[in-house]
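Notes for the structure review
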Amino acid sequence: MNPTVKYEITKRLLAANGQPISGQQLADDFGLSRTAIWKHIKELETEGFEIDTVKKKGYVLTSSPDSLQAAKIDQYLTTKRFGRNIHYQVTCPSTQPIAHQLVQAGAPDGSVVICEEQTAGRGRLARAWTSTQGKGIWMSVIIRPEIPPTKAPQFTLVAAVAVTRAIEEVCQVRTEIKWPNDLLINGKKCTGILTELQADIDRVQAIILGIGVNANQHLSDFPQEIQSIATSIQMVTGQPVDRAQLVARILHHLEIYTDLYVKHGFEPLKILWESYSCTLGKRIKAIMIHQTIEGMALGITNEGVLQVKTDDGQIHGIYSADIEI
Ligand code: BTN
């Protein structure tokens, strides 16, 4: 089967909104026989698309599976670059190494690697990230901004704002940002962001932004040891999340905020970030590899560095840490 033809047929069926599409028309448009088109339709049916054949009218899509294949995301995309090049896999160890390879192969800005299930998903500090099949959004976005490598960590904050806004708009639920990379609902983690980098000494080649959103899990989908600290959007709202729509909205905000950041730096995004933060104004413990600092989280700088005031009045800049509130 030709994947491009299959993708285009899927897009047409989705866009037709329940109206029939003529098999002959598809055959003419793709320069294929009607039998070849029929074979594509049969393959789509094996993937969970329900397609009726209406005599003399053509194919009618009556329902589509809850999947994240490119054509499903595409129907909601509003972006110019982000998500215009999607690499979809049903299952993979992790989307991050695939995205790293694609960077080397020259994948354009805004390319996305996305899957239904990761068998070895990873988080910050090489921790495991549970990625249950079909329940969440497991994706890596390749971003190629013209910035020095020192600025790359700020992309975690840019991404946190983009995902927060997208979840708010699509799922009508407010998430809070726990510096630097966790999104929480009611104090429990529903999203993690992993920022990785390929760079020359003075220039970023690409940022590989790994985004994991717990969308439709039930409590029993999480391993026992994280059940008290993890949540999913559906567990909070009681409504299933349309994952394809949420992906498209995340990419929408990510493209806008990336462009804003590259043009004007973090400052214009800082106010938004602060308005969603659950870290600021609180007494926190910042746990780093060689030390722990306890004090009041005052704010973040224009560079995204967390400022913590300890009881002796000293102000410390924290670049990376686990935060306990
Ligand atoms: C964290 O909270 O520590 C970050 C979690 C990041 C998880 C995402 S899921 C998609 C991408 N692939 C991975 O293996 N990890 C990131």
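Cut-offs and rules
Residues numbered from 1 in each chain as written. Predicted model: local features only at pLDDT ≥ 70, side-chain atom pairs only at ≥ 80, totals over all residues. UniProt positions renumbered as here; feature names shortened; annotations may be inferred. Near = placed C-beta within 6 Å. Helix = DSSP H or I, 4+ residues; strand = E, 2+ residues; numbered from the N terminus. Nonpolar A, V, L, I, M, F, W, Y, C, P; charged D, E, K, R; others polar. Core = buried A, V, L, I, M, F, W, Y, C linked by C-beta atoms within 7 Å. Buried ≥ 20, exposed ≤ 12 C-beta atoms within 10 Å, placed from the backbone. Contact = placed C-beta atoms within 7 Å. Pairing = 2+ DSSP bridges. Axes fitted to C-alpha atoms, helices over the stretch in contact; angles between N-to-C directions. Parallel < 35°, antiparallel > 145°, perpendicular 65-115°, else oblique. Left-handed = near helix turned anticlockwise from the far one by under 90°.

The name given to the protein in an unreviewed UniProt entry is Bifunctional ligase/repressor BirA, with the source organism recorded as Paenisporosarcina antarctica. In its Sequence similarities (unreviewed entry) section, UniProt records this for the protein: "Belongs to the biotin--protein ligase family." Entered under Catalytic activity (unreviewed entry) in the UniProt record, the comment concerning the protein runs "biotin + L-lysyl-[protein] + ATP = N(6)-biotinyl-L-lysyl-[protein] + AMP + diphosphate + H(+)".

1. Structural notes on the site of the ligand
Surveying the vicinity of the ligand reveals 22 residues, the closest of which are S94, G123, G192, G210 and G212. Counting residues per element, the ones that place at least two in the shell around the ligand are helix 5 (95-104), strand 5 (136-143), strand 8 (188-199) and strand 9 (204-214). Taken together, the residues that form the shell around the ligand break down as six nonpolar, 12 polar and four charged.

2. Describing the nonpolar core
Core analysis: the biggest nonpolar cluster contains 69 residues, and I114, A159, V163, I211, L246 and V247 have the highest contact counts within it. The element contributing the most residues to this core is helix 6 (residues 154-171), with 12 residues. In this view, L246 contacts I137, A166, I167, V170, C171, V213, A215 and V241; residues no more than four positions away in its chain are not counted. Grouped together as the second largest cluster of nonpolar side chains are 10 residues, I9, L13, L26 and F49 included.

3. Thoughts on the sheet that holds strand 7 (residues 182-185)
Within the open sheet, the seven strands sit side by side as 3-4-5-9-8-7-6. Their pairing is mixed. The sheet is open, and its two borders are formed by strand 3 (86-92) and strand 6 (176-178), each paired with just one other strand. Each strand axis lies, on average, 20° off the axis of its neighbour in the sheet, ignoring direction. Summarising the sheet, strand 7 and strand 8 pair through four bridges and their orientation is antiparallel. Its bridge partner being in strand 8, I185 is matched across the sheet by K188.

4. Re the UniProt feature "binding site: biotin" (unreviewed entry) in the protein
The UniProt feature table records "binding site: biotin" (unreviewed entry) at Q118, R122, G123, R124 and K189. By the element assignment, R124 lies in the loop between strand 4 (112-118) and strand 5. Looking at the secondary structure, you find K189 in strand 8. Beyond its immediate sequence surroundings of up to four residues, K189 is in contact with D182, L184, I229, A230 and T231.

5. Some words on the pairing of strand 8
Here strand 7 hands over to strand 8 after two residues, with N186 in that stretch at a positive phi of 50°. Looking at chain direction, strand 8 and strand 9 are connected through nine bridges and run antiparallel. Counterpart to T195 in the pairing with strand 9 is L209. What sits between strand 8 and strand 9 in their antiparallel hairpin is a turn of four residues.

6. Topic: the packing of helix 6 against helix 8 (residues 243-264)
When two helices pack together, you describe them by how their axes are tilted relative to each other and by the distance separating the axes. Between helix 6 and helix 8, the shortest axis-to-axis distance is 8 Å and the interhelical angle comes to 140°. Between helix 6 and helix 8, the crossing angle belongs to the class labelled oblique. Judged by the sense of rotation from one axis to the other, the crossing of helix 6 with helix 8 is right-handed. Residue-level contacts link V158, A159, V161, A162, V163, R165, A166, I167, E169, V170 and C171 of helix 6 to Q245, L246, R249, I250, H253, L254, Y257, T258 and Y261 of helix 8.

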